[in-house]
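Spelled out, the chains give:
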Amino acid sequence: MRGGNKVIGLSVMLSAANIVGSSGLMVWIDHSIRQNKFYLSAYSPLVLYLSGLSVGCCAIGWLSYKNIDNATLIKSRKIFFLLLCGALFAVCLSLAAGDSAAVEWLDGVLRFFWGLLSGFAVILARTMLVLPDQGYRSQTNFSILSLALACLPVMIPVSLSLGGFYQRTASAIVAAGLYFMCMVIVKSMDFDLQRLSVAPQGGVFKYSTLLDVANLITLNVCFFLLLMLVPMINEYGFPGRDISSMYAGFLLLWVLMGVGCIRVGPSYSKAVRFKVGVWVQCCMLLCCVLLLFYQVSGLFFAVVALAFLANMLMQPVLFLSLGSDVKYRTLLFGFQSGLYIFMVCWLLLGVVYFELGMQYVFGIFCCLALLSLLFSCVSIVITNRFNTN
């Protein structure tokens, strides 16, 4: 495997293990809800994991901003990644060892710690996808990452459901295997310090960068909150529908659209892809409004599919924009991920704790879709004004 392929392979593998920690619990959550109908206890392991992940992403971004990512740390990045993956491997093995209610508090602590370390690893690996003077390659890297981030939250629950793995220890076992493979990849990697490091010099922090961060946050909150609430929406809004068939339908549609975006997208300019994404957001907002009045499963499928397509079109463009800011790259990636995970976590907790009805849930999605559309439109206006001047 060539150096560039190893970098994207490592980033996707770490993201996959990270997603196993959250979406890997979806089958267990769905099973628990069907058994006792108590949403809060079913979602509590997921909320703890997401809380740790949010803290980890923000922490590594802040530490990088405070110049802790200096030459000494860069030179030892290979050792740091090996230690990080080893610690994650150990945590997942500990979680896989048992699922007893007697050690429920320990399970919660370990899941929070898993999320914390996973945030560190995912953000550091993501910063390595930006290749200087190779815009096309960087865009392809982020398109592949965007497809993985969108498809894996569906592939993992489907795989676990088909295998009959309803225990929450199953996700820890799968993640342990992925972290072991990450250690193998890191061990074989030759870290090119000039190409992979985050340089502390240069870079200008612009207001448009903050807008890109806000846009990415709202896009991701809307999409991933939809995925996290699928078990609850499935049981409460569309009773009797098998969650595996719902996930399988999502996956088939997304793979077709995702592969099309990766193959066709790079041949168009970033501005064209972004504008098409805005039109997709308009359609998504329309479907969200219709869901307030007509709770039809077809409309829900359309909302999730359009949210995925908007992410595939716009997320690589926004990632590239953040990655081009050399000085603040890790800070931006870290806080963007940390803040959207924090928002998903607490919106999820609020919806589950208050057991909100479907109209309230879809109303939240309408607000998020409208906010994301506004950010996108303002971004286009600012870009056009800058180009005109």
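Preceding this section is the structure that the text describes.
In this report, the structure presented in the accompanying data block is examined. (Residues numbered from 1 in each chain as written. Predicted model: local features only at pLDDT ≥ 70, side-chain atom pairs only at ≥ 80, totals over all residues. Heavy atoms only, no water.)

Concerning a nonpolar patch on the surface
Note the following rule: Residues qualify for a patch when their relative accessible area is over 30% and they have no salt bridge, like charges being joined within 9 Å and the nonpolar side chains of Val, Leu, Ile, Met, Phe, Trp and Tyr within 5 Å. Note that accessible areas follow from Shrake-Rupley with a 1.4 Å probe, and for residues the cover is restricted to the protein chains shown. A side-chain nitrogen of Lys or Arg and a carboxyl oxygen of Asp or Glu constitute a salt bridge if their distance falls within 4 Å. Helix and strand labels come from DSSP, where a helix needs a run of H or I of at least four residues and a strand needs a run of E of at least two; each type is numbered from the N terminus.
Taken together, the side chains of Leu286, Val289, Leu290, Phe293, Tyr294 and Val296 define a hydrophobic patch exposed on the protein surface, amounting to about 590 Å² of accessible area. Along the chain, leucine 286 turns up in helix H13 (residues 270-293).

Some points on the pattern of salt bridges
What counts here: Only protein chains enter the area calculation, which uses a 1.4 Å probe; residues under 20% of their type maximum are buried, those over 50% are exposed, and those in between are partly exposed.
Per the counting criterion, the structure on display carries one salt bridge. As a salt-bridge pair, arginine 111 and aspartate 107 come within 3.0 Å of each other at their nearest N and O atoms. Here arginine 111 pairs with aspartate 107, and both are found in helix H6 (residues 104-127), just four residues apart, close to one helical turn. Among the residues examined, arginine 111 registers a relative accessible area of 1% and is labelled buried. Owing to a relative accessible area of 9%, aspartate 107 belongs among the buried residues under this scheme.

A few points about the nonpolar core
Heads up, the condition is: We call a set of buried residues a nonpolar core when its members are Ala, Val, Leu, Ile, Met, Phe, Trp, Tyr or Cys and they connect through side-chain atoms within 4.5 Å of each other. Between two residues, a contact is recorded if the distance between any of their heavy atoms is within 4.5 Å.
Counting 130 residues, the largest nonpolar core has Leu14, Trp254, Phe300, Leu348 and Phe365 as the members making the most contacts within it. Among the elements that line this core, the one with the most residues is helix H14 (residues 297-323), at 18 residues. When neighbours within four sequence positions are excluded, leucine 14 is seen to be in contact with Phe81, Cys85, Ala121, Val122, Ala125, Tyr179 and Cys182.

Quick word on H13
Note the following rule: To estimate the expected span of a helix, count its residues, drop one, and scale the result by 1.5 Å.
Across its 24 residues, H13 extends 36 Å between first and last C-alpha, which sits within 8% of the 34 Å expected from 1.5 Å per residue. Looking at H13, one finds that the buried residues are Arg273, Phe274, Gly277, Val278, Val280, Gln281, Met284, Leu285, Cys287, Cys288 and Leu291.

Some details on H6
Residue pairs three or four apart in sequence face the same way in an α-helix, which turns once every 3.6 residues. In this model, H6 (24 residues) spans 35 Å end to end at C-alpha, consistent with the 34 Å of a helix rising 1.5 Å per residue. With 18 of its 24 residues buried, H6 lies for the most part within the structure.

Overview of the state of the cysteines
The criterion, for reference: In this description, a disulfide is simply a cysteine sulfur pair whose atoms lie within 2.5 Å.
Applying the stated criterion across every chain, the model contains zero disulfides. Summary of cysteine pairing: cysteine 182 is not part of a disulfide, and the nearest cysteine sulfur, belonging to cysteine 85, is at 4.9 Å. Of the residues examined, cysteine 182 reaches a relative accessible area of 0% and is grouped as buried. Here cysteine 366 stays free of any disulfide, with the sulfur of cysteine 288 as its closest cysteine sulfur at 4.8 Å. On the basis of relative accessibility, which here comes to 10%, the residue cysteine 366 falls in the buried class.

Details of the side chain of serine 22
Relative to the assigned elements, serine 22 resides in helix H1 (residues 3-23). Apart from the residues within four sequence positions on either side, serine 22 is in contact with Leu46, Tyr49, Leu50 and Met228.

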